[in-house]
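Observations on the model geometry
Residue-level listing of the chains:
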Amino acid sequence: MAKVTVKFRPSTVPGKQGSIYYQISHGRRAMQITTHMKLHPWQWERLNDHQANFPDEQMQHMLMRINCDKELFRQIVQMLDNSGADYGIDDIAMMFRSPEKRVSLTGYANQLITQLAARNRLGTARNYRRTLNSINNFLKGADVPMSTFDYRIVESYNYWLQVRGVMRNTISFYMRILRSIYNKAVLQHITEQTYPFRNVYTGVDRTQKRAMTEQALLRLKNMKLEPKSQLAMTRDIFIFSYCMRGMSFVDMAYLRKCDIMGDTIHYVRRKTGQPLSVKVEPCIREIIERYWSCDDKSQYVFPLIVSEEPGKAYAQYQAALSRYNNGLRRLSELLGLEPKLSSYASRHTWATTARNHRIPISVISAGMGHTSERTTQIYLASLEASIIDNANRSLIAILDGKRKPRDR
């Protein structure tokens, strides 16, 4: 059976760093494969003594790179042994250097990001990029092949994030994105499934309560604001979201005039691809009419996106979202609300108000376009749209003065 050894070649120049190389031995033959990793002799001594807890991050990452290469060699030798065919050290070296075996995490993730952007899934592409930038900071440029990406890397990265004070939900976000990238590589037979994420947290902790009371919602709706101002539009979009069963900001930004057909708005959730239909109630129509004529040439209901080019349109959406959240924070200060409003607050408020009015969870789930609860979705398959519209009408009646706000 072939043997691979990690070795060190000191520099012939005193004080200079030496080089790490791999020696493959098999069938009375030996071959050396050089690396770009450089060390001082004293560093090699520590590395060779298997001291994994280096205070120096550079040394930690060098050890990680060596371990990844050793794992790759192990997989190659095992595969060649299992094949039953004769092989030599040249075969091992060729497979170790082959592009297929050297598909790196960074290279593969960049391919996925390019594909997502080409399919106009710009939000997901941005999330992948954020995660890739984070783990690249951790790896410090180390080339980690997907075939050697395992639980040790995942758990080291998880610990690295924790020590830097990254919030638990943010760490979970990165882990979920990484898991998605890894699972895609498994499906494409780039690596084998070893379940490297089983020991790290990938859930979502409960965050601070974001729902408004009905009294606060009514105060927001009746605020005296300068017409056509940024704050007035922020308030109107928030109320519109609530009246639309917690419609997300991205769906409102991309809502087109042609999506309104008679007394119904038909749109597809950009997050899940689920089609939804909402009856146009009076408070919804009032806000639509207020912004419909802002730009007669625009295809969008709200003046948040102008460009027809996907990349520019997405950049305008992001800028609009930032302005929206800033406006909501300002409105929160004017109303004395704690916690302050965010773009998710209208969605939380609709769901919480519906629950407080004893509307069945199945109706709430259908109204918000949830797809993650399989049992609920099976039950909802036969639910009539009129039931959801009636539930929505009862919730927004307070805004039309037809119902008094309910105390908590």
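Residues numbered from 1 in each chain as written. Predicted model: local features only at pLDDT ≥ 70, side-chain atom pairs only at ≥ 80, totals over all residues. Heavy atoms only, no water.

What to know about helix α11 (residues 282-292)
If you check which residues of α11 are buried, you get Cys283, Ile284, Ile287, Ile288 and Tyr291. Relative to the axis of α11, the buried residues are bounded by an arc of 135° and lie together on one face. (Buried < 20%, exposed > 50% of the residue type's maximum accessible area, 1.4 Å probe, protein only. Helix = DSSP H or I, 4+ residues; strand = E, 2+ residues; numbered from the N terminus. Arc of directions from axis to C-beta.)

What to know about the packing of aromatic side chains
Going through the model one piece at a time under the given rule, you end up with 18 aromatic pairs. Note on phenylalanine 149 and phenylalanine 197: the rings are 6.2 Å apart at their centroids and 35° apart in plane angle, and the pair reads as tilted. In this pair, phenylalanine 149 sits in the loop between α5 (122-139) and α6 (151-163) while phenylalanine 197 sits in the loop between α7 (168-187) and α8 (214-221), placing the two residues 48 residues apart along the sequence. Both residues of the pair, phenylalanine 149 and phenylalanine 197, belong to the buried class. For the ring pair phenylalanine 249 and tyrosine 324, a centre distance of 4.7 Å and an interplane angle of 20° mean the geometry is stacked. Of this pair, phenylalanine 249 sits in helix α10 (residues 249-253) while tyrosine 324 sits in helix α12 (residues 310-335), placing them 75 residues apart in sequence. Side by side, phenylalanine 249 and tyrosine 324 carry an identical accessibility label, which is buried. Grouping aromatic residues by their ring pairs yields a cluster made of Phe249, Tyr254, Tyr300, Tyr314, Tyr317 and Tyr324. A cation over a ring is seen here: arginine 9 above tyrosine 21, with NZ or CZ 4.3 Å from the ring centre. Positioned above the aromatic ring of tyrosine 254 is the side chain of arginine 270, whose terminal nitrogen or guanidinium carbon lies 3.7 Å from the ring centre. (Phe/Tyr/Trp six-rings, centres within 6.5 Å; stacked < 30°, edge-to-face > 60°. Lys NZ or Arg CZ within 6 Å of the ring centre and 35° of its normal.)

Re the pattern of salt bridges
Across all of its chains, the model carries 11 salt bridges by this definition. Notably, a salt bridge pairs glutamate 71 with arginine 74, separated by 2.8 Å at the nearest N-O pair. Taken as a pair, glutamate 71 and arginine 74 lie in helix α2 (residues 57-83) at a separation of three residues, close to a single helical turn. Since its relative accessible area comes to 16%, glutamate 71 is described here as buried. Its salt-bridge partner being aspartate 236, residue arginine 235 comes within 3.0 Å of it at the nearest N-O pair. In this structure arginine 235 comes out as buried when scored by relative accessible area, which is 9%. The buried category is assigned to aspartate 236, whose relative accessible area is 4%. (Salt bridge = Lys/Arg side-chain N within 4 Å of Asp/Glu carboxyl O.)

A closer look at the environment of glutamine 299
Structurally, glutamine 299 is set in the loop between α11 and α12. The class of glutamine 299 is partly exposed, set by a relative accessible area of 27%. Among residues more than four places away in sequence, those in contact with glutamine 299 are Leu255, Arg256, Lys257 and Glu308. Within the local environment of glutamine 299, its side chain forms a polar contact with the side chain of tyrosine 300, the two groups lying 3.4 Å apart. (Contact = heavy atoms within 4.5 Å. Polar contact = N/O pair within 3.5 Å; in protein donor to acceptor, adjacent residues only side chain to side chain.)

Overview of the confidence of the model for the protein chain
Per-residue pLDDT for the protein chain averages 85, and the proportion of residues at 70 or more is 90%. Within the protein chain, helix α15 (residues 374-380) has the poorest average pLDDT of any element, 36, and helix α9 (residues 230-243) the best, 96. Across residues 374-383, where pLDDT falls below 50, the model places 15 contacts with residues more than four positions away in sequence or in other chains. (pLDDT = per-residue confidence, 0-100.)

Thoughts on the sheet that holds strand β3 (residues 29-39)
Ordered by their spatial adjacency, three strands build an open sheet running β1-β2-β3, and the pairing between neighbours is antiparallel. Edge strands, defined here as strands with exactly one partner in the open sheet, are β1 (3-9) and β3. On average, each strand axis in the sheet is inclined to that of its neighbour by 25°, with strand direction left out of account. As paired strands, strand β2 (residues 18-26) and β3 are joined by eight bridges and run antiparallel to one another. Among the inter-strand pairings, tyrosine 21 is bridged to a residue of β3, identified as threonine 34. (Pairing = 2+ DSSP bridges. Axes fitted to C-alpha atoms, helices over the stretch in contact; angles between N-to-C directions.)

Here we look at the sheet that holds strand β5 (residues 264-268)
Sheets are built from strands that pair by backbone hydrogen bonding, the pairs being arranged parallel or antiparallel. Spatial ordering of the open sheet is given by β4-β5-β6, a layout of three strands whose pairing is antiparallel. Each end of this open sheet is capped by a strand with a single partner; those strands are β4 (260-261) and β6 (275-279). Bridge analysis of β4 against β5 gives two bridges, and the strand direction is antiparallel. For methionine 261, the partnering residue across the bridge sits in β5 and is threonine 264.

Focus on the nonpolar core
In terms of nonpolar packing, the biggest core is built from 64 residues, with Phe238, Phe240, Ile265 and Ile284 touching the most fellow members. If we ignore the near neighbours within four places in the chain, the residues touching phenylalanine 238 are Met212, Leu217, Leu220, Tyr324, Leu328, Leu341, Ser342, Ala345 and Ser346. (Core = buried A, V, L, I, M, F, W, Y, C linked by side-chain atoms within 4.5 Å.)

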